[in-house]
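Residues per chain are reported as follows:
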Amino acid sequence: MKLQVSNIKKSYGAQDVLEKASLSIRDKEKIALVGKNGCGKTTLLKIICDKEQPDQGSRVVQNGVRIGYLAQITFSNTEHTVYQELSDAFARVKELETKLHEQASILETDASEKQMERYARLQSEFEALNGYQYEVELKNVFFHFGFEEDDLYKTLDEFSSGQRTRIALVKLLLSKPDVLLLDEPTNHLDIESIEWLENYVRHYPSAIVLVSHDRMFLDHVVDEIIEIEYGVTTRYVGNYSHYVKAKEEFIKKNHEAFLRQQAQIQRLEELIEKFRYKKNKAAFAQSKIKYLERMDRIQDRKADTSSMHATFQCARKGGKQVLEVEDLKIGYDKPLSTVSFSLIKGQRMAVVGPNGIGKSTLIKTLMHKVPALSGQFHFGHQIDVGYFDQDSAHRKSDKTVIDTLWDVSPDLTQTQIRNTLASFLFTQEEVFKEINTLSGGEKVRLALAELMLMEDNLLLLDEPTNHLDIPTKEALEKALEKYDGTILFVSHDRMFLSKMANRVLEMGQDSKVYDCTYTEYIEKKEAGTLLEAQPQIEKSNVSVQSFKDRKALKNRVDRLEQLLEAAQEDLEALRELRYEPEYYQDYQKMEELDQQIDDKHNEIAHYTQEWEEKMELLESMS
């Protein structure tokens, strides 16, 4: 047993966080702490590493066991280079290296058995710590977290807080403690880095206790789950998916056992009541009373089923053609990527690629928060765009929760606003909290509530699951699965990607679109059978190269004008049908007619755009 905490109780003021929490860490176990935000996972980690003291309970650590916790990694001097800081993790290796050199010098003049044995002991420990390869290991781990060789020689103050957190994680991994504590280790990592970390954690030679809301990460690395619910810990052997099934079975069997025991208690109490006053049966009654007193009562365990309940819907349908992006070059001082794609109504396109390639920048460019470097994009007819900003968790405001939501929908009553907030887990006095006092997860839930009330038919989501616990992620997935609009989203949560995406935009120097789910995308990529999607809608505009002949270009302009005139006439005819009883008395027919009108608007928009481009080209050739 490397470490054990037993019957831990911890409160903060009037709030009881842990009531009866216990955890044992042995050998090379990989343990995950799971539970809702605020249940005490991080508190228990801090008690394990002696950063916080429990109000009650015990903590026992085996002699010599080293505990490593990410939050305890601090950089005393941010003017140090990254290499200097990471080298500190190999202090023992360097010490042994110096002693080996010294011992080698001694052997030159004294090759006695005693001195040879000392050299052998030093060399054995040096090799066990991978001493001959420590610089290779340092660079290998560092580079897998998305850094470059040049970054090793930059000072720490040249990096953002998120990058410094990643550097601290690298340092922690390199120090190889006997018990490694990780709190949300996949934050700030791209998918490639997460997958590398999975493999590292799975093969880590000692024990790990981690907190993570990444369900796929938990499935791939842990062999034991410790659930914290109502302040009490329950142990389940297996990964996260096994835990979900095992918990359901445990709750069911526990309830059955509770009912059986309650029936037994009732029967015994009836016997006691029947015989306790009869002289010849008093002893029997007393024995049953003592039996009941000694009985280990089964608690009827109820799962905490409180969760977010969202309903995303569209106020209006919008056109079939939702978004056209053509040769859109995105970036800031320099280009990050160039993308072209179309988005059709009902599609759910995931944007994937390594950190720094411009995934969030693409979303910001489409929202006109970052100017495009070149290229173009346009939204279809009656497309209402809703935006979730990944920085929602860091928003600052003196406004209360209820006032913030009311600003989005001022026509709603207070009861309607409070009901909406309750569905996003803001109840009672919590609705009067200031935004500045909310946790990251609470701010994200509030931003999702605002997004839901807008009822837009296109959602641009930038890391919507960040800061959410697992039950809230699953509630969001269920809500978005029922959403009747279109979604373009960025996420590093592979489970979320697998459940939501039916199309994938892979960003890079040569961005590509794939018409498949995220799961199929990964499987085909690994098998080397991934094929880029063909354009879904054949563009009406012909290549400029085919119109070098001015006459051909003029003919195309004339043809576009005819098409536009015909389309306008069709549109007017469709609009007239709205006043026919056959349509306005039949809801279904009216819906179909509205869709035809939306499609005709999109057709006109495409013809108009091409006509403008061809006219401009024609004028330039004059």
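Residues numbered from 1 in each chain as written. Predicted model: local features only at pLDDT ≥ 70, side-chain atom pairs only at ≥ 80, totals over all residues. Heavy atoms only, no water.

Under an unreviewed UniProt entry, the protein chain has the name ABC transporter ATP-binding protein and belongs to Faecalicoccus pleomorphus.

K.L.:
What am I meant to see in the overall build of the protein chain here?
P.N.:
The helix and strand inventory of the protein chain stands at 20 helices and 18 strands. Its C-alpha atoms give the protein chain a radius of gyration of 32 Å, clearly above 25 Å, the size a compact globule of 622 residues would have. Overall size of the protein chain, expressed as C-alpha extent along the three principal axes, is 105 × 100 × 50 Å. Across the 622 residues of the protein chain, 46% fall into the buried class. For the protein chain, the proportion of contacts with a sequence separation of at least 24, taken over those separated by at least 6, is 68%. Of the roughly 32,400 Å² of accessible surface on the protein chain, a fraction of 48% belongs to carbon and sulfur atoms. Side-chain charges of the protein chain comprise 83 positive and 106 negative groups, with the mean position of each set lying 8 Å from the other. (Helix = DSSP H or I, 4+ residues; strand = E, 2+ residues; numbered from the N terminus. Rg over C-alpha atoms; globule rule 2.2 N^0.38 Å. Buried < 20%, exposed > 50% of the residue type's maximum accessible area, 1.4 Å probe, protein only. Contact = heavy atoms within 4.5 Å. Areas by Shrake-Rupley, 256 points an atom, 1.4 Å probe, with all protein chains shown as cover. Lys, Arg positive; Asp, Glu negative; His and termini not counted. Charge placed at Lys NZ, Arg CZ, Asp CG, Glu CD.)

K.L.:
What am I meant to see in the confidence of the model for the protein chain here?
P.N.:
The predicted coordinates of low-pLDDT regions are not to be read in fine detail. Chain-level statistics for the protein chain give a pLDDT mean of 88 and a share of 96% at 70 or above. For the protein chain, the element scoring lowest by mean pLDDT is helix H19 (residues 581–584), at 73; strand S16 (residues 486–490) scores highest, at 97. In this model residues 536–548 is a low-confidence stretch, pLDDT under 50, and it forms 27 contacts with partners more than four residues away in sequence or in other chains. (pLDDT = per-residue confidence, 0-100.)

K.L.:
What is the right way to look at the pattern of salt bridges in this model?
P.N.:
Charged atoms that come close allow side chains of opposite charge to pair. Scanning all chains against the criterion turns up 32 salt bridges. Taking the shortest distance from any N to any O, the salt bridge between glutamate 227 and lysine 247 comes out at 2.6 Å. Of this pair, glutamate 227 sits in strand S8 (residues 224–229) while lysine 247 sits in helix H9 (residues 240–275), and the two are 20 residues apart along the sequence. Given the relative accessible area of 2%, glutamate 227 is considered buried. The shortest N-O distance in the salt bridge between aspartate 407 and lysine 399 comes to 2.3 Å. (Salt bridge = Lys/Arg side-chain N within 4 Å of Asp/Glu carboxyl O.)

K.L.:
Which parts of the structure should I look at to understand the nonpolar core?
P.N.:
Side chains of a nonpolar character, in soluble globular proteins, are inclined to be buried together. If you look at the biggest cluster of nonpolar residues, it comprises 50 residues, and the most contacted ones within it are Leu86, Phe145, Ile167, Leu173 and Leu210. Not counting residues within four places of it along the chain, the set of residues in contact with phenylalanine 145 comprises Arg166, Leu169, Val170, Leu173, Leu189, Ser193, Trp196 and Leu197. (Core = buried A, V, L, I, M, F, W, Y, C linked by side-chain atoms within 4.5 Å.)

K.L.:
Help me understand the sheet that holds strand S14 (residues 385–388), please; the structure alone is not making it clear to me.
P.N.:
Strand pairing in a sheet relies on backbone hydrogen bonds. The paired strands run either parallel or antiparallel. Taken in spatial order, the six strands make up an open sheet running S14-S15-S16-S12-S17-S18, and their pairing is mixed. Both edges of this open sheet fall to S14 and strand S18 (512–514), since each of them pairs with a single strand only. For this sheet, the mean inter-axis angle between neighbouring strands, taken without regard to orientation, is 15°. As paired strands, strand S12 (residues 348–352) and S16 are joined by four bridges and run parallel to one another. Across the sheet, methionine 349 pairs through a bridge with leucine 488, a residue of S16. Against the sheet, helix H14 (residues 440–454) engages S14 and strand S15 (458–462), with an angle of about 180° to S14. (Pairing = 2+ DSSP bridges. Axes fitted to C-alpha atoms, helices over the stretch in contact; angles between N-to-C directions.)

K.L.:
Hey, could you run me through a negative patch on the surface in this one?
P.N.:
Taken together, the side chains of Glu192, Glu195, Glu520, Glu523 and Glu526 make up a negatively charged region of the molecular surface. Those elements that provide at least two residues to the negative patch are helix H7 (191–202) and helix H17 (518–527). Of the residues forming the negative patch, the biggest block, three residues, is contributed by H17. By relative accessible area, glutamate 192 is classed as exposed at 59%. (Patch = residues over 30% accessible without salt bridge, like charges linked within 9 Å, V, L, I, M, F, W, Y side chains within 5 Å.)

K.L.:
Looking at this model, I keep getting lost on the packing of aromatic side chains. Mind explaining?
P.N.:
To describe a pair of aromatic rings, one takes the distance between the centres and the angle between the planes. One pass over the structure, following the stated rule, counts 17 aromatic pairs. By the ring-pair criterion, three or more aromatic residues cluster together here, those being Phe142, Phe143, Phe147 and Phe159. For the cation-ring pair, arginine 166 lies above phenylalanine 147, with the distance from its terminal atom to the ring centre recorded as 4.7 Å. Note that arginine 445 overlies the ring of phenylalanine 426, its terminal NZ or CZ placed 4.9 Å from the centroid. (Phe/Tyr/Trp six-rings, centres within 6.5 Å; stacked < 30°, edge-to-face > 60°. Lys NZ or Arg CZ within 6 Å of the ring centre and 35° of its normal.)

K.L.:
What is the right way to look at the domain arrangement of the protein chain in this model?
P.N.:
Many structure descriptions define interface size as the accessible area lost when the parts assemble. For the protein chain, the domain assignment lists domain 1 (253–294), domain 2 (321–527) and domain 3 (545–621). Taking only C-alpha atoms, the centre of domain 2 and the centre of domain 3 are 32 Å apart. Buried area between domain 2 and domain 3, both sides added, is near 620 Å², and the carbon and sulfur share of it is 39%. The three residues of domain 2 that bury the most area against domain 3 are Gln321, His378 and His381, which together make up 65% of that side's buried surface. Across the domain 2-domain 3 interface, the total number found is zero salt bridges. If you look at where domain 2 meets domain 3, you find three residue pairs in polar contact (both at pLDDT 80 or more). Contributing elements (two or more residues each) for the side of domain 2 that touches domain 3: strand S10 (321–331) and strand S13 (374–379). Tallied by class, residues from the side of domain 2 that touches domain 3 come to no nonpolar, six polar and two charged. (Domains from an automatic or database assignment. Buried area = accessible area lost by both parts, 1.4 Å probe. Polar contact = N/O pair within 3.5 Å; in protein donor to acceptor, adjacent residues only side chain to side chain. Nonpolar A, V, L, I, M, F, W, Y, C, P; charged D, E, K, R; others polar.)

K.L.:
Sorry, what's going on with helix H11 (residues 359–366) here?
P.N.:
Because an α-helix packs 3.6 residues into every turn, residues spaced three or four apart end up facing the same way. Of all eight residues in H11, eight are buried, a share of seventy percent or more. What H11 keeps buried is the set Lys359, Ser360, Thr361, Leu362, Ile363, Lys364, Thr365 and Leu366. A positive phi of about 60° marks histidine 368, the residue just after H11.

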